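So the chains spell out like this:
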Amino acid sequence: MDFTFRDAMLYRDGAFVRADVHAAAQGLTVSPSSGSQGRNICILPGFADVHVHLREPGFSYKETIRTGTLAAARGGYTTVCPMPNLNPVPDDLETLRRELDIIERDAVVETIPYGAITRGERGETLADMEAMAPYVCAFSDDGRGVQDADMMESAMRRARSLNRLIAAHCEDNALLRGGYIHDGAYARAHGHAGICAESEYGPIRRDAVLAEKTGCAYHVCHVSCAESVRIIREARARGVDITCETGPHYLVLNDSMLEEDGRFKMNPPIRSEADRLALLEGILDGTVDMIATDHAPHSAEEKSRGLTGSAMGVVGLETAFPVLYTELVRPGVLPLEKLVALMSVNPRRRFGLETRPDDYTVFDLDASYTVDPDEFLTMGRATPFAGRTVYGRCLLTVCRGRVVWQEAGV
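Structural notes, computed from the coordinates.

Conventions and cut-offs
Residues numbered from 1 in each chain as written. Predicted model: local features only at pLDDT ≥ 70, side-chain atom pairs only at ≥ 80, totals over all residues. Heavy atoms only, no water. Pairing = 2+ DSSP bridges. Helix = DSSP H or I, 4+ residues; strand = E, 2+ residues; numbered from the N terminus. Contact = heavy atoms within 4.5 Å. Axes fitted to C-alpha atoms, helices over the stretch in contact; angles between N-to-C directions. Buried < 20%, exposed > 50% of the residue type's maximum accessible area, 1.4 Å probe, protein only. Phe/Tyr/Trp six-rings, centres within 6.5 Å; stacked < 30°, edge-to-face > 60°. Lys NZ or Arg CZ within 6 Å of the ring centre and 35° of its normal. Salt bridge = Lys/Arg side-chain N within 4 Å of Asp/Glu carboxyl O. 1 Å grid on protein atoms, 1.4 Å probe; cavity = no way out; pocket = protein on both sides within 12 Å on 5 of 7 lines; lining within 4 Å. Points joined across faces, edges and corners; volume = space filled by probe spheres on them. Nonpolar A, V, L, I, M, F, W, Y, C, P; charged D, E, K, R; others polar. Left-handed = near helix turned anticlockwise from the far one by under 90°.

Brief notes about the sheet that holds strand β13 (residues 290–291)
Reading across the sheet, the 4 strands line up as β8-β11-β12-β13 and stay open at both edges, with parallel pairing between neighbours. In this open sheet, the two strands that pair with only one neighbour each are β8 (166–168) and β13. Sheet strands in contact with helix α6 (residues 198–214) are β8, β11 (218–220) and β12 (242–246), and its direction is about 170° off that of β11.

Side note on helix α11 (residues 320–329)
The buried fraction of α11 amounts to 9 of the 10 residues, a majority that puts the element mostly inside the structure. Taken residue by residue, α11 has Ala320, Phe321, Pro322, Val323, Leu324, Tyr325, Thr326, Leu328 and Val329 as its buried positions.

So, the packing of aromatic side chains
As enumerated under the stated definition, the model contains 7 aromatic pairs in all. Seen in terms of ring centroids, Phe47 and Phe321 are 5.4 Å apart; in terms of plane orientation they differ by 25°. Their pairing is stacked. Taken together, the residues Phe47 in strand β5 (residues 47–52) and Phe321 in helix α11 connect sequence positions 274 residues apart. Ring geometry for Phe321 versus Phe363: centroids 4.4 Å apart, planes at 45°, classification tilted. With Phe321 in helix α11 and Phe363 in strand β14 (residues 360–370), the pair connects residues that are 42 residues apart, well separated along the chain. Grouping aromatic residues by their ring pairs yields a cluster made of Phe47, Tyr77, Phe321, Tyr325 and Phe363. The cationic tip of Arg97 hangs over the ring face of Tyr135; the distance from NZ or CZ to the ring centre is 5.3 Å.

Points about the environment of Leu70
If you trace the backbone, Leu70 turns up in helix α1 (residues 65–74). Residue classification places Leu70 among the partly exposed positions, given a relative accessible area of 25%. Dropping the residues within four chain positions of it, Leu70 is found in contact with Val108 and Leu377.

Examining the pattern of salt bridges
With the rule as written, the count across this model stands at 27 salt bridges. Close ionic contact of Glu110 with Arg400 constitutes a salt bridge, the shortest N to O distance being 3.0 Å. In this pair, Glu110 sits in strand β7 (residues 110–111) while Arg400 sits in the loop between β15 (389–399) and β16 (402–406), placing the two residues 290 residues apart along the sequence. Residue classification places Arg400 among the partly exposed positions, given a relative accessible area of 46%. Shared partners join several salt bridges into a network, and the residues in it are Glu110, Glu354, Arg356, Asp359 and Arg400.

So, empty space enclosed by the protein
Applying the stated criterion to the full structure yields 7 cavities of 30 Å³ or more. Lining the largest cavity are 17 residues, and of these Arg74, Glu318, Pro322, Tyr369 and Arg393 sit closest to its centre. Looking at the lining of the largest cavity, the elements that each hand over two or more residues are β14 and β15. Classifying every residue of the lining of the largest cavity by side-chain character gives 7 nonpolar, 4 polar and 6 charged.

Things to note about unusual backbone geometry
Of the consecutive residues Glu56 and Pro57, the connecting peptide bond is found in the cis state with omega at 10°. With respect to the element layout, Pro57 can be found in the loop between β5 and α1. Omega for the peptide link from Asn87 to Pro88 comes to 5°, which places this bond in the cis form. With a phi close to 55°, Asp13 is a non-glycine residue in the positive phi region. Tracing the sequence through the fold places Asp13 in the loop between β1 (3–12) and β2 (15–24). With relative accessibility at 79%, the residue Asp13 sits in the exposed group.

Observations regarding the sheet that holds strand β6 (residues 77–82)
Strand order in the open sheet made by the 3 strands is β5-β6-β7, with parallel pairing throughout. Single-partner strands in this sheet number two, and they are β5 and β7. Where β6 meets β7, 2 bridges bridge the pair, whose relative direction is parallel. In the strand pairing of β7, Val80 is matched with Thr111.

Considering the packing of α11 against helix α12 (residues 336–351)
In contact at an axis separation of 11 Å, α11 and α12 are set at 145° when each is read in the N-to-C sense. The crossing of α11 and α12 is right-handed. Residue-level contacts link Ala320, Phe321, Leu324, Tyr325 and Val329 of α11 to Leu336, Leu339 and Met343 of α12. Taken together, the residues that form the contact of α11 with α12 break down as 8 nonpolar, no polar and no charged.

Put into structure tokens, the structure is as follows:
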């Protein structure tokens, strides 16, 4: 199936050019622009999300690899990396193959899973990292922090020998104290138990020292607070091989915007305005390397218990680009080229994900609409952006030369 986009903005080699673009299975063919057609069409490299939860095997009532990757395609993603907090946990080749078999059968975009760092993500013994290494993008115990420093050091040494990243969920259980939203003004005003920022930045500080000691390539998941950014910036200045990601909700929201609704509950939590601004500063100076959604679907019942009782996690694959384009690019906070690097170029480079000319996505940047979870392809519906007006509608996504999403009428 072929498509021609007149006078489109084409992203190529870090910049945009105006061109008439013929998009076909073999890739993109560019000819001189014929002049404005009145639509702000943008052709981008397929996005890569290195932090998603596709819930299968084990929790298919929340999401399946099929529905999750369909949602990814609708959001402009051509590569996703699902986390290993599954049942069974992929901690050896046999359990990993159960996930790989479903991916081969059902995934509509490139799907490269994580292997667990420890058996069952329990933090007690190392997983069979050697056997899994050829099939995974990295190793993580996401959903749980590795509490023991000696265990993390052993994991880092093993990962370095296998030329694989450690992607860490940084959370000190001893500092959680029953918290479930940010320990800030909203929590105090409404009587909620708070999660302190130190529960995140403490493990990052520990792991930065271990990464420096072991020479491991180390990546920090879902950074949410100012002190984390500072620690990562200083570690990088010392030559530590460290990168990090943050999520759209941390860049757009602060805890004054919380509502008594499970769609505002995730881990780590939405933090203060000072933390949000520090994350933006980290984006602009290169400390924060990439944006990942931490797409984490739950059932409607699991998200119906307010801030206190709802499961932690929100969906994000179908809203990430339009929300960030609307809130950061349109107001001039972030150049569009920088957003593309954060969502496609940088994660692919860091995680060794293939870049292909026949992976691309097409957005109409002038198309505005209201975020309606009932229209989602993901099985999850909980998003803090429900009801927002956003700009940027995905018209087409092509993965390996095959159309995996096409907006009606395109």
